[in-house]
Amino acid sequence: MTMGNGGDIGENETGMGSANGASPGVVMPIGPRSAPANGRSDRVANGLIAAEEARAREALAAAFRALGHGERRVDLRAIPFAGTWGVATSACQALASELIAAGLAERGEAEGLSKKEVKRLVNEEMPDRSREIAAAVADHVRARHPEFAGVEAANGYVNISFDAGAMATRLVGEILSRGADYGRGESRPERVMVEHSQLNTHKAAHIGHLRNICLGVSVTNLLAAAGYPTVPATYIGDIGRHVIQCLWCYERFHRGQEPSDILQRGRWLGEVYAEANRRLRFRKDALDLLKLLATEDPVFVTAIDRMLKKLVHRQADGEDVAYLLGRTIHAQEIKEDQLRQDDVIPRYWPIVGEQLRLEAEDLTPRVVEEGQPEPTTTPAERLARWEALAPDMDDWWGQVVGWEAEVKETFQRWERKEPAFVALWDETREWSMVELRRIFAELGAHFDHWFTESAVEEPGRAVVQDLLARGIAEVSDGLPVVKIDEKLGLEQETYRTLPILRSDGTTLYATKDLALTRQKYEDHGIDISIWVVDVRQSLYFDQVFKVLELAGFEKAAEAIHLGYEFVALPEGAISSRKGTAPIYEDIRDAVVGRARTIIEEKNPDLTGEARDRVAWQVGIGSLKYTMLARDITKVVVFDLDEALSFDGHAAPYIQYAHARASRILERAELSPDAILATAGDLAFTGLEPSELTLLQHLATYPDEIQRAAAEYRPLLITNYVYEVAKAFNDFYHACPVLQSGEPTRSARLALVAATRQTLANGLAILGIDAPEEM
């Protein structure tokens, strides 16, 4: 993002001036966006660049004091000219504006003038006055700080240049000496718990879960690198309606059919859950399709008379036929409790299918009438939805009501803690946990604490009873709720009403989260608690935290919900309930297989175990990078080809830069220790522009860590490692390394080693492996 100027600033309105008065046309970036609630705004800058900037800032501040201008805020920004390493300040322009305005007021020349007229007068004097101040400040700094390579006044700016060669030697030495710790900040006192990867048992993990896992791992790594003691935690959904539905379907239809290999049972349970959902939603899905046809398929509506005549011939109830006619013509929802004949929809279904087939076979282009919305589906898609339901219509339609009753009774078996049912839950839960532990290990998710929903059910009920006893909660229509806006005295709907227990006494998500939130702070000694959960739960978390505040738990005001948008495929959103979500294992195998094919083409000499290892590193890395390389406010559309690009903004491009650096060092037959031993004697002279650009990128890494941690944005690190890889590739093509003579050869080899280390560190923050070869 970019911003314009806050006002007219004289001749050079777009950025820092140059000595010859030329305008570089630079649009400066804005500062960090606002962090999420209670985000760490107290960012600590560190590293070589931060130290030099601090020295430059103090030198400028001292100059302002010495020249009689008192304490001034000294802004600094990088000098945007290629081949220059330094900083510039516009503080002289701000001072000039204040002095000119004060002079106008003192002389009475601003009296009676509008703000716009005063501003015009200020801007007329601004160029000369700011140049005069900048010249004096530059002279003062230059006379007292010979360590700076250059200090000059230009168009009202003061530019301070650093000694690029000396900076390069110090920077490379710092990177090589600190190694994997390069970029890590000083220790901070606040303990931060990051809860993420809240997968469910009795469901298969799918691609949509990947963003949560990747974001949680990288945010934890970021905060640790920024200096915070971190406590990674997960919250496993091992009980709830989805578990009850899965176990009902297992007992009812699939007991004893589980795979013999326990490693396959977790995924199999997910398939059982998807089937349970299809069975229980069957009536709703059928009626939803009929509503869709009535709403956006005018051909279907036109044919309704003919179709219903066929239904009459199938001995359908006359009132039901009239009801279907009216609801279809008026594009209204068909309500099953309004149907007199329970099997009228199964009788109607083959007739609907005949009409949809005719429409799908008719290739005549359809013109949408004026004023009518564009249809959201094609005739083929509507037919496909009908076909998905047709095979089970006669068998399932009449059983759904009974199944729903069975599920309710299954829930009560859990509430009564029937020993046999609890034993079944425990056994099948472990089937899922085996899979979850494997997935977390593959994706580098490690936890200090494993919270589970089953463990906080009873503490949650206790919280509900306490809220009721204290009058914070009340029973409304048989349901314990907290009317948050009413309790806060808010007239405008803000937090709404939060149900905290079902009317039958079974727990809700809120029941358990109210208890778990308190436990995190009280039992685990944390100062900051972060929940990584998708953005659709934003209101819910606001409600939970606010209810706890109403109950006097002040820490809840500091809780942070880090919301993110969901993952979609090119075809649209995904849902585990509908069974439309690609299973994690399938996506993993697809990306690793595609990575193996690409690597075989690019490096046929890489075979066997090495090829498989690199294919895994690249495939899994591409998955993670895709999930992190878009802002959390935007939907991720997962595209396999884009994820595995060796040329674009993707993990393989960055990993290849690391492998290329490793190969150069291998050919030089120099170990990292050998390079480090000579770091202090390096001579960076006559730096090429691409060398300087690469060095400047490497130098900003510590501050990038602090900035990304303050904003909880791994995206900033994905962008950073991409820019470093790009700068390294530019350097590689512009500057010979092994063929150069000394001392350039040794300096460039050290720069390659420093780049390799920084890339590895940045990728590690993202949880991505840095291959030695590709």
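Here the structure is a predicted model, which is why all the values come from computation and not from measurement.

Asks: Quick one: what's the story with the packing of helix α24 (residues 651-668) against helix α29 (residues 744-765), residue by residue and with numbers?
Replies: The N-to-C vectors of α24 and α29 enclose an angle of 145°; their axes lie 9 Å apart at closest approach. Crossing geometry of α24 relative to α29 is assigned as left-handed. Facing I654, Q655, A657, H658, A661, S662, I664, L665 and A668 of α24, the residues of α29 in contact are R745, L749, V752, A753, R756, L759, A760 and L763. Partitioning the contact of α24 with α29 into residue classes produces 12 nonpolar, three polar and two charged.

Asks: Residues and numbers for the pairing of strand β3 (residues 150-154), please.
Replies: On any regular strand, side chains alternate: one points to one face of the sheet, the next to the other face. With five bridges connecting them, β3 and strand β4 (residues 157-161) associate as antiparallel partners. Residue pairing in the sheet places G150 in a bridge with S161 of β4. Adjacent in sequence and paired antiparallel, β3 and β4 are bridged by two residues, among which N155 carries a positive phi angle near 55°.

Asks: So what about the sheet that holds strand β8 (residues 474-476)? Which residues, and what values?
Replies: Either a parallel or an antiparallel arrangement is found when strands of a sheet pair, and the pairing is made through backbone hydrogen bonds. Read from one edge to the other, the open sheet built from three strands follows the order β8-β9-β10, with strand pairing classed as antiparallel. Edge positions in the sheet fall to β8 and β10 (497-499), since each of these pairs with one other strand and no more. Sheet twist, expressed as the average angle between the axes of neighbouring strands with direction ignored, equals 50°. Taken together, the three bridges between strand β9 (residues 479-483) and β10 define a ladder with antiparallel strand orientation. Counted as the bridge partner of V481 is P499 from β10. The sheet strands contacting helix α20 (residues 538-550) are β9 and β10, and the helix crosses β10 at an angle near 90°.

Asks: Now, about the confidence of the model for the protein chain: what can you tell me, with residues and values included?
Replies: A residue-level look at the protein chain finds 93% of positions with pLDDT of 70 or above and a mean pLDDT of 91. For the stretch residues 1-44, pLDDT sits under 50, and the model shows 93 contacts to residues farther than four places along the chain or on other chains.

Asks: Outline the side chain of H242, supporting the account with residue identities and numerical values.
Replies: Turning to its location among the elements, H242 is positioned in helix α6 (residues 241-254). Reaching out from H242, the side chain makes a polar contact with the backbone oxygen of G237 at a distance of 3.2 Å. Excluding its chain neighbours within four sequence positions, the residues that come into contact with H242 are N200, T201, K203, G237 and Y273.

Asks: Give me the lowdown on the packing of aromatic side chains, citing residues and values where you can.
Replies: Summed over the entire model, instances satisfying the criterion amount to 23 aromatic pairs. Pairing F253 with W403 gives two aromatic rings, centres 5.9 Å apart and planes at 85°, and the pair type is edge-to-face. In this pair, F253 sits in helix α6 while W403 sits in helix α15 (residues 400-415), placing the two residues 150 residues apart along the sequence. Here the aromatic cluster, defined as three or more aromatic residues joined through ring pairs, consists of W248, F253, F282, W396 and W403. Taking NZ or CZ as reference, R279 lies 3.6 Å from the ring centre of F253, over its face. A cation over a ring is seen here: R660 above Y732, with NZ or CZ 4.1 Å from the ring centre.

Asks: Give a description of the sheet that holds strand β7 (residues 449-452) that names residues and reports values.
Replies: Spatially, β7-β6-β5-β11-β12 is the arrangement adopted by the five strands of the open sheet, whose pairing is parallel. A single partner strand is all that each edge strand has here, and the edge strands are β7 and β12 (560-562). Within this sheet the neighbouring strands show an average axis-to-axis angle of 25°, counted without direction. Relative to strand β11 (residues 528-532), strand β5 (residues 192-195) runs parallel, the two sharing four bridges. Directly across from M193, in β11, lies its bridge partner S529. Running at roughly 145° to β11, helix α19 (residues 509-524) makes contact with β5, β6 (230-236), β7 and β11 of the sheet.

Asks: Outline the pattern of salt bridges, supporting the account with residue identities and numerical values.
Replies: Applying the stated criterion across every chain yields a total of 56 salt bridges. Here D288 and K284 are joined by a salt bridge, their closest N and O atoms 2.8 Å apart. Highlighted residues: D288 and K284, both in helix α8 (residues 282-296), separated by four residues, approximately one helical turn. Relative accessible area serves as the criterion here: at 31%, D288 is assigned to the partly exposed category.

Asks: Residues and numbers for unusual backbone geometry, please.
Replies: Here the residue pair E742 and P743 is connected by a cis peptide bond, since its omega of 5° sits within 30 degrees of zero. With respect to the helices and strands, the residue P743 is situated in the loop between α28 (715-734) and α29. For N155, which is not a glycine, the phi torsion comes out positive at approximately 55°. Summarising the element assignment, N155 is placed in the loop between β3 and β4. The class for N155 is buried, based on a relative accessible area of 14%.

Asks: Kindly report on the pairing of β4, identifying the contributing residues and their values.
Replies: Extensive coverage of β4 is indicated by the burial of four of its five residues. Relative to β4, strand β2 (residues 86-89) is paired through four bridges, and the arrangement is antiparallel. Counterpart to V87 in the pairing with β4 is I160.

Conventions we followed
- Residues numbered from 1 in each chain as written.
- Predicted model: local features only at pLDDT ≥ 70, side-chain atom pairs only at ≥ 80, totals over all residues.
- Heavy atoms only, no water.
- Axes fitted to C-alpha atoms, helices over the stretch in contact; angles between N-to-C directions.
- Helix = DSSP H or I, 4+ residues; strand = E, 2+ residues; numbered from the N terminus.
- Left-handed = near helix turned anticlockwise from the far one by under 90°.
- Contact = heavy atoms within 4.5 Å.
- Nonpolar A, V, L, I, M, F, W, Y, C, P; charged D, E, K, R; others polar.
- Pairing = 2+ DSSP bridges.
- pLDDT = per-residue confidence, 0-100.
- Polar contact = N/O pair within 3.5 Å; in protein donor to acceptor, adjacent residues only side chain to side chain.
- Phe/Tyr/Trp six-rings, centres within 6.5 Å; stacked < 30°, edge-to-face > 60°.
- Lys NZ or Arg CZ within 6 Å of the ring centre and 35° of its normal.
- Salt bridge = Lys/Arg side-chain N within 4 Å of Asp/Glu carboxyl O.
- Buried < 20%, exposed > 50% of the residue type's maximum accessible area, 1.4 Å probe, protein only.

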